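Fold and contact review
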Amino acid sequence: MQVNIISEECREKRGYEGAAVELPATRYEMEDALQRANVLKGGSYQLNRFLKWPDFLQEYLACSGAKTLAEVNLLAKKVSRMEKSQLETYEGALQLRRDENIDTPVSMKELIN
């Protein structure tokens, strides 16, 4: 699973593309990716291009609102440990949640829990 980090301070700079990181990652790998993306200490960033995730999760991740790299990494750890039947159950639970309240996107907290 992969995500791209875009620094808010650099996003408008010509040629800037941010930095990709494979997840789940260690703390050091995440710090390195933030540094490669030119995210200043305490600076703001966005996450996009959720590649190599289960297909059903890509839409949820894109629509889940504000999220941190640590949250997405935690989700990646959980998903990477799931067997196929667990992923199918997870997908069904997310679909039920979305159908239950279609006007409110599934939050990052809900995706993790």
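Everything discussed here concerns the structure shown above.
Residues numbered from 1 in each chain as written. Predicted model: local features only at pLDDT ≥ 70, side-chain atom pairs only at ≥ 80, totals over all residues. Heavy atoms only, no water.

Notes on the environment of Leu87
Along the chain, the position of Leu87 falls in helix 4 (residues 84-100). Note: C-alpha distance between Leu87 and Gly42 (45 residues apart in sequence) is 34 Å. (Helix = DSSP H or I, 4+ residues; strand = E, 2+ residues; numbered from the N terminus.)

Some thoughts on the sheet that holds strand 3 (residues 45-51)
Each strand in a sheet pairs with its neighbour through backbone hydrogen bonds, running either in the same direction (parallel) or in the opposite one (antiparallel). Reading across from one edge, 2-1-3 is the order of the three strands in this open sheet, with antiparallel pairing throughout. One side of each edge strand has no neighbouring strand; the edge strands of this open sheet are strand 2 (19-22) and strand 3. Looking at each pair of strands side by side, their axes are set apart by 30° on average, direction ignored. As paired elements, strand 1 (residues 2-7) and strand 2 share four bridges and run antiparallel to each other. Note on strand 2: the bridge partner recorded for Asn4 is Ala20. Together, strand 1, strand 2 and strand 3 form the strand contacts of helix 1 (residues 27-36), whose direction differs from that of strand 2 by roughly 165°. (Pairing = 2+ DSSP bridges. Axes fitted to C-alpha atoms, helices over the stretch in contact; angles between N-to-C directions. Contact = heavy atoms within 4.5 Å.)

Comments concerning the pattern of salt bridges
Within this structure, the stated rule accounts for six salt bridges. Residue Lys52 is joined to Glu22 by a salt bridge in which the shortest nitrogen-to-oxygen separation is 3.4 Å. Here the residue Lys52 occupies a position in the loop between strand 3 and helix 2 (55-63), and Glu22 occupies one in strand 2, the gap between them amounting to 30 residues. Take Glu22: its relative accessible area is 40%, and that puts it in the partly exposed class. The closest approach of N and O atoms between Arg27 and Glu31, which form a salt bridge, is 3.4 Å. One end of the pair is Arg27 and the other is Glu31, both in helix 1 and four residues apart, which spans about a single turn. With a relative accessible area of 42%, Glu31 lands in the partly exposed category. (Salt bridge = Lys/Arg side-chain N within 4 Å of Asp/Glu carboxyl O. Buried < 20%, exposed > 50% of the residue type's maximum accessible area, 1.4 Å probe, protein only.)

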